[in-house]
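# Geometric and topological summary
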Amino acid sequence: MSPAADSANTLHVSPADGDLPPLWFLAPEGFFALPLAATAEERSERALSFVRELYSRGDESIWEPAAPYYEAVAELMGDTGVSYAAMGLFSTAEEEAEEKETADGEVLRHEPSDGVAQCALSIAIAPTDQADPDPDVIAQGVLATLSSDPYNDAVWLDLPCGPAVSCITVREYSLGPEVTASGEETTLVTGQIQVHVPFPTGPFTAVFTLYTASMDQWSEIYGLMTAVLQTVSFVDPMEEPSAYTIASPNS
């Protein structure tokens, strides 16, 4: 599974919003960040950049009508407390190697018609009400709560930034013939990985959510989430390189 469009490993920081602290993480290649921003003007500028990157083979006839749509989506997501959201697009074409290089060193990308796996990543920072600021205690409480639902696969994680709790859920939906390409009733299976990461510096928890309907590529998509979590930092990694090292997901 390789990126289906041009993008790069990018260090992101969730914007500090009011009393919410920032959070640093590395987004793997293949993820395209939606234009979330504090102001309408900034969202508009980011939306134009977003569609040009996402539809890199398009032109103004595609970019101009698409930008307002993603701008509106970003505004709605920002109102829900999401501080980062991205679309992940990856080619599922089978080859001897995931990427081939030309004589000039350029990476050849597959056509979307060859098969594309999709996923969505969002990050929200939520204030939490707890008497004990110890992240281990908070994570234990999250684990106990999530484990009480028999449909949740909740497990403890020890990340470089501290303790966390991962919860995997799989859902199956029945789709009527009116919404399927074949015109026949079918089922849709989706998977979600949600990871709660308590802040060590205050009453906040970062919630990472990765959602996909591309279940044939579940193991690779799970690996993408693992790669993101290994890079999470509660301090600026550029200021504290000795204590918090951001590693590339490809390493």
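The following refers to the structure shown. Values in this document were obtained by computation on a predicted structure and should not be read as measured data.

Assigned secondary structure in the protein chain consists of 4 helices and 12 strands. For the protein chain, the residues scored as buried account for 39% of the 251 residues in total. Across the protein chain, the fraction of contacts at a sequence separation of at least 24, relative to all contacts at a separation of at least 6, is 60%. As displayed, the protein chain has an accessible area near 13,700 Å², and 51% of this comes from carbon and sulfur atoms.

Here we come to helix H1 (residues 40-54). Along its 15 residues, H1 runs 20 Å from first to last C-alpha, staying within 8% of the 21 Å computed at 1.5 Å per residue. Within the span of H1, buried status applies to Arg 43, Ala 47, Phe 50, Val 51 and Leu 54. Angularly, the buried residues of H1 cover 90 degrees about the axis, an arc narrow enough to put them on a single face. Taken together, the buried residues of H1 touch strand E4 (31-33), helix H2 (60-79) and strand E5 (82-91).

A few words now on a nonpolar patch on the surface. Among the surface-exposed residues, Tyr 173, Leu 188 and Tyr 211 lie close enough to one another that they form a single nonpolar patch of about 260 Å² accessible area. Relative to the elements of secondary structure, Tyr 173 occurs in strand E10 (residues 162-175).

Next up on the list: the nonpolar core. Ranked by size, the top nonpolar core spans 31 residues in total, and within it Leu 23, Phe 31, Val 197 and Phe 208 carry the most contacts. Ranked by the residues each element gives to this core, the list is headed by helix H4 (residues 218-229), at 6 residues.

Moving on to the packing of aromatic side chains. One pass over the structure, following the stated rule, counts 7 aromatic pairs. Measuring from centroid to centroid gives 4.9 Å for Phe 50 and Tyr 70, while their planes differ by 65 degrees, and the two rings are edge-to-face. Taken as a pair, Phe 50 in helix H1 and Tyr 70 in helix H2 lie far apart in primary sequence, 20 residues in all. A ring pair is formed by Phe 199 and Phe 204, whose centres lie 6.1 Å apart and whose planes are at 70 degrees; its orientation type is edge-to-face. Residue Phe 199 is classed as buried on the basis of its relative accessible area of 1%. On the basis of relative accessible area, Phe 204 is assigned to the buried category, the value being 14%. What links up through ring pairs into an aromatic cluster is the set Phe 25, Tyr 84 and Phe 208.

The rules we used
Think of each chain on its own: its residues are numbered from 1, step by step along the sequence as written. At least 70 in pLDDT is required for a residue's local features to be given in this predicted model, at least 80 for side-chain atom pairs to be given and counted, and no such filter applies to totals for whole chains, interfaces and linings, which use all residues. Hydrogens and water molecules were not included; the side-chain quantities draw on all heavy atoms of the structure. Secondary structure counts use DSSP, requiring at least four H or I residues in a row for a helix and at least two E residues in a row for a strand, with both numbered from the N terminus. Relative accessibility thresholds used throughout: buried, under 20% of the residue-type maximum; exposed, over 50%; partly exposed, between the two (1.4 Å probe, protein chains only). Residue contacts follow a heavy-atom distance rule, with two residues in contact if any of their heavy atoms lie within 4.5 Å. In this description, accessible areas are obtained by the Shrake-Rupley approach with a 1.4 Å probe, and a residue is regarded as covered only by the protein chains that are shown. For a helix, the expected span equals 1.5 Å multiplied by the residue count minus one. Taken from the helix axis, the directions to the C-beta atoms give the arc we talk about. Patch members must show over 30% relative accessible area and no salt bridge, and they are joined within 9 Å when carrying like charges or within 5 Å when they are nonpolar side chains of Val, Leu, Ile, Met, Phe, Trp or Tyr. The term salt bridge refers to a pairing of a side-chain nitrogen on Lys or Arg with a carboxyl oxygen on Asp or Glu at a separation within 4 Å. Here, the term nonpolar core denotes a set of buried Ala, Val, Leu, Ile, Met, Phe, Trp, Tyr and Cys residues that are joined through side-chain atoms within 4.5 Å. Planes of paired rings set the category: under 30 degrees apart is stacked, over 60 is edge-to-face and the rest tilted, where pairs are Phe, Tyr or Trp rings (Trp by its six-membered ring) whose centres lie within 6.5 Å.

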